[in-house]
Amino acid sequence: MFVITEQPLDPAELVEAVRQDESGAVALFYGVVRNENMGRAVQHLEYDAYPEMALKKMREVADEVRARFPVTGVGVMHRTGRVEIGETSLLVAVSSAHRAASFEACHYAVDRIKQIVPVWKKEVWEDGEEWIEGHVPEIPGTPPPA
Amino acid sequence: MTTVSIRLYAGLQGLIGARDISMELPAGATVGALRERLGELYPAVQAFLPTLVCAVDEEYVAPEHVLRDGDHVALIPPVSGGCACS
């Protein structure tokens, strides 16, 4: 299950989507909006996305996960638009027969999502706002950017 | 001529003041040529060009990629999805 939505994310739905009868473990990661960053008080975040490509890149991340870890399921949900402090902007769930693969694969998936999925966040403070520059995505078939 | 439509995201949308623009380029123009033209037309974007990646058909492409008439190009600033949890 791969989802980009302006609606609140439902972790139970994602867990059930990735769990198979062969799964003995599900690791679930919540990315949550925090009230400060780099010493500045954050009021809320706003996310922009290229939805069609974001879904494609989420599936690529899942393919990478399946190639590297013995997992039984991978799912990703990302919220867009305005997200308040304490709300969840990202959910990543990975299931596997044994727990080690779920933990490791979930960590890997979160890192890769932040590197290649075209989603952006803007921090809104009391006295201003700024789009956060993260990771320059690598171009397939070329060396990764320095 | 090659006419492409360009979609802007995040901070670039605010800089240029539109979600979508279109651009005419000589036939056979590359993504690199589009980037140069973008910097000429919108000087405010020049500071962003070094870290800007272009996507065509929902895939990141290199500057040498040749554009076709009617292509949809997305300008992708450094991505920053998820939480501020790194």
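Note that the coordinates shown come from a computational prediction; the quantities given were computed from them, not determined experimentally. (Residues numbered from 1 in each chain as written. Chains lettered and ligands numbered in written order. Predicted model: local features only at pLDDT ≥ 70, side-chain atom pairs only at ≥ 80, totals over all residues.)

**Observations regarding the overall build of chain B**
Then, in step 1: Of the regular secondary structure elements, chain B holds two helices and five strands.
Then, in step 2: Scanning chain B from its N terminus toward the C terminus, one meets helices and strands in the order β-α-β-α-β-β-β.
Then, in step 3: Expected size for 86 residues packed as a compact globule is a radius of gyration near 12 Å; at 13 Å, chain B falls within 12% of this value.
Then, in step 4: Its C-alpha atoms give chain B principal-axis dimensions of roughly 45 × 25 × 20 Å.
Then, in step 5: The buried share among the 86 residues of chain B stands at 29%.
Then, in step 6: In chain B, the share of contacts with a sequence separation of at least 24, taken over all contacts with a separation of at least 6, comes to 54%. (Helix = DSSP H or I, 4+ residues; strand = E, 2+ residues; numbered from the N terminus. Rg over C-alpha atoms; globule rule 2.2 N^0.38 Å. Buried ≥ 20, exposed ≤ 12 C-beta atoms within 10 Å, placed from the backbone. Contact = placed C-beta atoms within 7 Å.)

**Notes on the sheet that holds strand β6 (residues 71-79) of chain A**
Residues and elements named next belong to chain A.
Then, in step 1: Spatial ordering of the open sheet is given by β1-β6-β8-β2, a layout of four strands whose pairing is mixed. Where the open sheet ends on each side, the last strands, each with one partner, are β1 (2-5) and β2 (25-32). Within the sheet, the average angular offset between the axes of one strand and its neighbour, ignoring direction, is 10°.
Then, in step 2: With seven bridges joining them, β6 and strand β8 (residues 88-96) adopt antiparallel strand pairing. (Pairing = 2+ DSSP bridges. Axes fitted to C-alpha atoms, helices over the stretch in contact; angles between N-to-C directions.)

**Looking at the sheet that holds strand β1 (residues 2-8) of chain B**
Residue and element names in this part refer to chain B.
Then, in step 1: Taken together, the five strands give an open sheet; going across it, the order is β2-β1-β5-β3-β4, and neighbouring strands pair in mixed fashion. At either margin of the open sheet sits one strand with a lone partner, and together these are β2 (20-25) and β4 (59-61). If you compare each strand with its neighbour and ignore which way they point, the axes differ by 35° on average.
Then, in step 2: Of the strand pairs in this sheet, β1 and β2 are connected by six bridges, and their pairing is antiparallel. Its bridge partner lying in β2, Ile6 is registered against Ile21.

**A few points about the interface of chain A and chain B**
Then, in step 1: Taken residue by residue, the interface counts 31 residues in chain A and 22 residues in chain B.
Then, in step 2: Only β2, α2 (51-68), β8, α3 (99-116) and β9 (119-125) of chain A provide two or more residues apiece to the side of chain A that touches chain B.
Then, in step 3: Looking at which element gives the most residues to the side of chain A that touches chain B, the answer is α3 of chain A, with four residues.
Then, in step 4: Grouping the amino acids of the side of chain A that touches chain B by side-chain chemistry returns 17 nonpolar, seven polar and seven charged. (Nonpolar A, V, L, I, M, F, W, Y, C, P; charged D, E, K, R; others polar.)

**Some remarks on the environment of Thr2 of chain B**
Residue and element names in this part refer to chain B.
Then, in step 1: Position of Thr2 among the secondary structure elements: in strand β1.
Then, in step 2: Residue classification places Thr2 among the partly exposed residues on the basis of 18 C-beta atoms within 10 Å.
Then, in step 3: Here the alpha-carbon distance between Thr2 and Thr51, two residues 49 residues apart in the chain, equals 25 Å.
Then, in step 4: Apart from the residues within four sequence positions on either side, Thr2 is in contact with Leu25, Ala27, Ala29, Leu67, Arg68 and Asp69.

**Examining the confidence of the model for chain B**
Then, in step 1: Residues with a pLDDT of 70 or more make up 99% of chain B, whose mean pLDDT is 94.
Then, in step 2: Scored as a whole, the predicted complex attains pTM 0.94, and scored at its interfaces, ipTM 0.93. (pLDDT = per-residue confidence, 0-100.)

**Section: the nonpolar core**
Then, in step 1: Val92, Val94 and Ala109 of chain A together with Cys54 of chain B are the most contacted members of the largest nonpolar core, which has 60 residues in total.
Then, in step 2: If you tally residues by element for this core, the top one is α3 of chain A, at seven residues.
Then, in step 3: With residues near it in sequence (within four places) discarded, Val94 of chain A still touches Val18, Ala27, Val65, Val71, Val74, Ser102, Ala105, Cys106 and Ala109 of chain A. (Core = buried A, V, L, I, M, F, W, Y, C linked by C-beta atoms within 7 Å.)

**Considering the environment of Gln7 of chain A**
Then, in step 1: Position of Gln7 of chain A among the secondary structure elements: in the loop between β1 and α1 (11-18).
Then, in step 2: Distance in space between the C-alpha atoms of Gln7 of chain A and Arg112 of chain A is 23 Å, their sequence separation being 105 residues.

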